[in-house]
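The primary structure of each chain is shown beneath.
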Amino acid sequence: MVKPFDEQPGIESVISGYTGGKTENPTYKEVCSETTGHYEAVQITFDPTVYPYKDLVDLFWQQIDPTDAGGQFFDRGSSYQTAIFYHDEKQREIAEASKAKLQESGIFSKPIATPILPAKTFYPAETYHQHYYKKQPEHYERYSVGSGRKAFQEHHWGERNE
């Protein structure tokens, strides 16, 4: 989830981590155990005058299967479910409007399952998870293709996702 945001103008940082759960400072192993209540997530710091929040949300939809409530592609379970976490009422309104527009677009035949939730404490992931696409580019690309993510994106978004 880091790479597509990392490549946009106005994005100051993209940090991989965990949010939404009850365990303080969880580890990847704990989050994947499905016992912490956390989602794997990214925290994005951005300049809204260069890259508005609406654009972040729109780009997010193009990275996921928003109709899959059980995880994403090969990654299954609650820690891999998708969500948009908002920090204020304006962000919530933008995210809800974007979700409604996506549902009405007809791009997907199933309902959009991604919830819009209030942000909770964000815990950065371990160092080896940060910017994984740069550290392990071959593995990152193999996973993108092998998991079905790339084909899904091309099917639903075409050239816009390249």
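Everything below is about the structure shown above.
Residues numbered from 1 in each chain as written. Predicted model: local features only at pLDDT ≥ 70, side-chain atom pairs only at ≥ 80, totals over all residues. Heavy atoms only, no water.

### As for the pattern of salt bridges
- Counted by the stated rule, this structure contains five salt bridges.
- Two residues, D6 and K134, come together in a salt bridge whose shortest N-O distance is 3.8 Å. Of the two residues, D6 is situated in helix α1 (residues 2–6) and K134 in helix α5 (residues 132–135); the sequence distance between them amounts to 128 residues.
- A relative accessible area of 54% places K134 in the exposed class.
- Note that R92 is salt-bridged to E89, the shortest N-O span being 2.4 Å. In this pair, R92 and E89 both sit in helix α4 (residues 89–105), three residues apart, roughly one turn of the helix.
- With a relative accessible area of 25%, R92 lands in the partly exposed category. (Salt bridge = Lys/Arg side-chain N within 4 Å of Asp/Glu carboxyl O. Helix = DSSP H or I, 4+ residues; strand = E, 2+ residues; numbered from the N terminus. Buried < 20%, exposed > 50% of the residue type's maximum accessible area, 1.4 Å probe, protein only.)

### Re the packing of aromatic side chains
- Here the structure, examined in full by the defined rule, presents eight aromatic pairs.
- Centre to centre, the rings of Y133 and Y140 are 5.9 Å apart; their planes meet at 55 degrees, and the pair counts as tilted.
- Site record: aromatic cluster; members linked through ring pairs are F73, F108, F152 and W157. (Phe/Tyr/Trp six-rings, centres within 6.5 Å; stacked < 30°, edge-to-face > 60°.)

### Topic: the nonpolar core
- Counting 24 residues, the largest nonpolar core has Y53, L56, W61 and I84 as its most contacted members.
- For this core, the elements supplying multiple residues, two or more each, are α1, β1 (11–19), α3 (53–61), β5 (84–86), α4 and α7 (149–157).
- In terms of residue count, α3 provides more of this core than any other element does, six residues in total.
- When neighbours within four sequence positions are excluded, Y53 is seen to be in contact with F46, I84, F85, Y86, Q91, I94 and A95. (Core = buried A, V, L, I, M, F, W, Y, C linked by side-chain atoms within 4.5 Å. Contact = heavy atoms within 4.5 Å.)

### A look at α7
- Inspection of α7 places R149, F152, Q153, H156 and W157 among the buried residues, and these make up the whole buried set. Relative to the axis of α7, the buried residues are bounded by an arc of 95 degrees and lie together on one face.
- Those residues of α7 that are buried are in contact with α3, β3 (71–72), α4 and α6 (137–146).
- Residue G158 follows α7 closely and has a positive phi angle near 60 degrees. (Arc of directions from axis to C-beta.)

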